[in-house]
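If you want the building blocks of each chain, they are given just below.
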Amino acid sequence: VTITTRLLVSHLSGIRHYEKDITKVKEEKEKANRALKLTKSHQDKEQKEKEGKGIEKTDCVKEKKEHGGETKGRNSKPGRKDKEFEQEEYYLKEKFESVIESLKIFKNDPLFFKPGSQFLYSTYGFTLLSAVVERASGQKFTDYMLKMFRDLDMLSTVLDDNEAMIYNRARCYVYNKKGRLVNAPYVDNSYKWAGGGFLSSVGDLLKFGNALLYSYQAGQFKNRNGKLLPGYLKPGTVAMMWTPVPKTEVSWDRDGKYAMAWAVVEKNQQYGCCRQQRHYASHTGGAVGASSVLLILPEELDPEALGTWPEAPPRGVIVTIICNMQSVSLNSTALKIAREFDKEKRAQ
């Protein structure tokens, strides 16, 4: 088989995640699909009942319930048991000196499916991706990333190195079997730097989000006498990263698809005065004792007015939440916050 970097970055490679048993993975997928079908069936039934009763055309009906990904996540209740965190490899204590060395964890394991045929979120796919970056750049992956964070002015973003003295490093917490708050167990994340091995702050993640949003929008603004600097990435690169990839799925928002290292919901509205889907990109994070999200809601720009707008990019709302608690679903909360700020900006 052939595994490309594009397959890796969109989790279509067939490389396993933490669960080694493919039968269990299939069972969980089937269970999730059944639940989704039941939810859709219930929504269709409600819609037909509304249509049968009739609705006055002059009234815009407000939805009673928020849709899918905007509802409370399945792990949002503190202390609820998350089966994924029962996997032993989350709790590795071995120190790996390089990303090449950490490939030994999974390099001899069989693929779960033919690359490109199915979607399976895989942290180890990103471990392999980090090895590709290391060989292509000729530098250690960690050195390469720290230089990039410096370029982005993310000076508080560092390796989650247990030995280093890191200013303002937060303690992480989990709930034990009795539902009591306890310190998270000791782990060494050197086996997955690319898939969850960095520490950051909300300030740095906002800078990262703004750098991406600026890069995405910079090409849409006319260069005002050379005053508008180029983005860190080319506009086409970010657009490609935020383009949904076929055969993918997103666990934290059923309206979305996975793109390249980002989950993306596309702009969509089928009926007037009804539910409107805004374009946004996001990614959640889960680790032993911690949860996070970074969500980017670009402002909907008028192409004809861009040349006369007084404000340069980035234009939109960036929301990031980091909490030192395990298994907290944050995407729906971030989306609600982003929409409130967006609504306030539109009202001005």
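Only a predicted model underlies this, so the values are computations on that prediction, with no experimental measurement involved.

Student: Could you clarify how one ought to interpret the packing of aromatic side chains in this entry?
Tutor: The relative placement of two aromatic rings is captured by the distance of their centres and the angle of their planes. Inspection of every chain in the model, using the stated rule, returns 11 aromatic pairs. Between the aromatic rings of phenylalanine 119 and tyrosine 258, the centroid separation amounts to 5.6 Å while the plane-to-plane angle is 45 degrees, which identifies the pairing as tilted. One end of the pair, phenylalanine 119, is in the loop between helix 3 (99-102) and helix 4 (123-137); the other, tyrosine 258, is in strand 5 (residues 257-258), and 139 residues separate them in sequence. Judged by its relative accessible area of 7%, phenylalanine 119 is buried. By the ring-pair criterion, three or more aromatic residues cluster together here, those being Tyr18, Phe85, Tyr90, Tyr91, Phe106, Tyr124 and Tyr191.

Student: I would appreciate a short explanation of the nonpolar core in the present structure.
Tutor: For soluble globular proteins, nonpolar side chains are generally found buried alongside one another. Judged by nonpolar contacts, the single largest core of 42 residues is most densely connected at Tyr124, Leu212, Trp242, Trp262 and Ile296. Elements with a contribution of two residues or more to this core: helix 1 (5-9), helix 4, helix 5 (141-151), helix 6 (202-218), helix 7 (235-241) and strand 8 (290-298). The residues that make up this core include at least three from each of domain 1 (1-39 + 82-199) and domain 2 (211-347). Core analysis: the second largest hydrophobic core is formed by 14 residues, Leu295, Cys323, Met325 and Ala334 among them.

Student: How should the side chain of glutamate 134 be read in this particular structure?
Tutor: Positionally, glutamate 134 belongs in helix 4. Lacking a salt bridge, the buried glutamate 134 has arginine 135 as its closest oppositely charged neighbour, with an N-O distance of 5.6 Å. If we ignore the near neighbours within four places in the chain, the residues touching glutamate 134 are Val99, Ile100, Gln139, Lys140 and Phe141.

Student: Would you explain the sheet that holds strand 5 in this entry?
Tutor: Each strand in a sheet pairs with another by means of backbone hydrogen bonds, the pair being arranged parallel or else antiparallel. Strand order in this open sheet of 5 strands is 5-6-7-8-9, and the pairing throughout is antiparallel. What marks the edges here is a single partner per strand, and that holds for strand 5 and strand 9 (316-323). Pairing of strand 7 (residues 280-287) with strand 8 involves 7 bridges; the strand directions are antiparallel. Directly across from threonine 284, in strand 8, lies its bridge partner valine 293. Across the sheet, helix 6 touches strand 8 and strand 9, and the angle it forms with strand 9 is around 150 degrees. Sitting on the sheet, helix 8 (residues 331-347) is in contact with strand 7, strand 8 and strand 9, with an inclination near 150 degrees to strand 9.

Conventions adopted
- Residues numbered from 1 in each chain as written.
- Predicted model: local features only at pLDDT ≥ 70, side-chain atom pairs only at ≥ 80, totals over all residues.
- Heavy atoms only, no water.
- Phe/Tyr/Trp six-rings, centres within 6.5 Å; stacked < 30°, edge-to-face > 60°.
- Helix = DSSP H or I, 4+ residues; strand = E, 2+ residues; numbered from the N terminus.
- Buried < 20%, exposed > 50% of the residue type's maximum accessible area, 1.4 Å probe, protein only.
- Core = buried A, V, L, I, M, F, W, Y, C linked by side-chain atoms within 4.5 Å.
- Domains from an automatic or database assignment.
- Lys, Arg positive; Asp, Glu negative; His and termini not counted.
- Salt bridge = Lys/Arg side-chain N within 4 Å of Asp/Glu carboxyl O.
- Contact = heavy atoms within 4.5 Å.
- Pairing = 2+ DSSP bridges.
- Axes fitted to C-alpha atoms, helices over the stretch in contact; angles between N-to-C directions.

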